[in-house]
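As a plain string of letters, each chain reads:
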Amino acid sequence: QVQLVESGGGLVQAGGSLRLSCAASGRTLSSYAVGWFRQAPGKEREFVGGINWSGSSTYYGNAVKGRFTISRDNAKNTVYLQLNSLKPEDTAVYYCAATLRAVARSEEYDYWGQGTQVTVSS
């Protein structure tokens, strides 16, 4: 079992930045690909991006490409999502998820965190 806990969310003005963390416990995260998703009120969950187990490959959704960056520190059992140039439409609950398979843009992950709220004011 892998337990995932997201942190770092909050309220930020448009154009600002946040860094979200996804910390794992229970097992080492170094064997897992990790995806980030978000869900805004009344909308379906959306793929934000993902990173493979080693950190050598990253993937991003079109809505965030060029503004968000995913990285990982396997020694700290943590994956990060850097959010820059935030827009009001980035407001959502952000989730991280882990899988032993490859990064997927669908919700085919084995473990999920509880989410952290990001609110961007205009």
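Structural data are supplied above this passage.
Since this is a predicted model, take the numbers as computed values, not measurements. (Residues numbered from 1 in each chain as written. Predicted model: local features only at pLDDT ≥ 70, side-chain atom pairs only at ≥ 80, totals over all residues. Heavy atoms only, no water.)

Draft legend 1. Main features of the overall build of the protein. Each helix and strand counted, the protein has zero helices and eleven strands in total. Counting only C-alpha atoms, the protein reaches 40 × 25 × 25 Å along its principal axes. Buried residues in the protein amount to 44% of all 122 residues. For the protein, restricting intrachain contacts to residue pairs at least 6 apart in sequence, the fraction spanning at least 24 positions comes to 57%. Carbon and sulfur atoms make up 46% of the accessible area of the protein, which amounts to about 6,100 Å² in all. (Helix = DSSP H or I, 4+ residues; strand = E, 2+ residues; numbered from the N terminus. Buried < 20%, exposed > 50% of the residue type's maximum accessible area, 1.4 Å probe, protein only. Contact = heavy atoms within 4.5 Å. Areas by Shrake-Rupley, 256 points an atom, 1.4 Å probe, with all protein chains shown as cover.)

Draft legend 2. Examining unusual backbone geometry more closely. The residue Asn77 is not glycine, and still its phi comes out positive at about 55°. The exposure class of Asn77 is buried, given its relative accessible area of 15%. Here Ser85, not a glycine, exhibits a phi torsion of approximately 50°, which is positive. Relative to the helices and strands, Ser85 is located in the loop between β8 (78-83) and β9 (92-99). Relative accessible area serves as the criterion here: at 42%, Ser85 is assigned to the partly exposed category.

Draft legend 3. Here's a closer look at the sheet that holds strand β7 (residues 68-73). An order of β1-β3-β8-β7 is seen for the four strands of this open sheet, with the pairing classed as antiparallel. Pairing within the sheet leaves two strands with one partner each, and these edge strands are β1 (3-7) and β7. Put simply, the sheet's adjacent strands are angled 15° from each other on average, direction ignored. Taken together, the six bridges between β7 and β8 define a ladder with antiparallel strand orientation. In the sheet register, Arg72 faces β8, and the bridge partner there is Val79. (Pairing = 2+ DSSP bridges. Axes fitted to C-alpha atoms, helices over the stretch in contact; angles between N-to-C directions.)

Draft legend 4. Expanded view of the environment of Thr116. Within the secondary structure, Thr116 sits in strand β11 (residues 116-121). Classification of Thr116 as buried rests on a relative accessible area of 10%. Taking the C-alpha atoms as reference, Thr116 lies 9.3 Å from Arg38; in sequence the two are 78 residues apart. Non-local contacts of Thr116, meaning those with residues more than four positions away in its chain, are made with Glu6, Ser7, Gly8, Gly9, Leu20, Ala92, Val93 and Tyr94. Separated by 3.2 Å, the side chain of Thr116 and the backbone nitrogen of Gly9 make a polar contact. (Polar contact = N/O pair within 3.5 Å; in protein donor to acceptor, adjacent residues only side chain to side chain.)

Draft legend 5. Structural detail: the packing of aromatic side chains. Across all of its chains, the model carries five aromatic pairs by this definition. Both rings, one in Phe37 and one in Trp112, keep their centres 5.1 Å apart while their planes meet at 50°; by these two values the pair is tilted. Remark: Trp112 occurs in strand β10 (residues 111-112) and Phe37 occurs in strand β4 (residues 33-39); sequence separation between them is 75 residues. With relative accessibility at 24%, the residue Trp112 sits in the partly exposed group. The ring centre of Tyr95 lies 4.3 Å from the NZ or CZ of Arg45, which sits over that ring. Directly above the ring of Trp112 sits Arg45, whose terminal nitrogen or CZ lies 4.6 Å from the centroid. (Phe/Tyr/Trp six-rings, centres within 6.5 Å; stacked < 30°, edge-to-face > 60°. Lys NZ or Arg CZ within 6 Å of the ring centre and 35° of its normal.)

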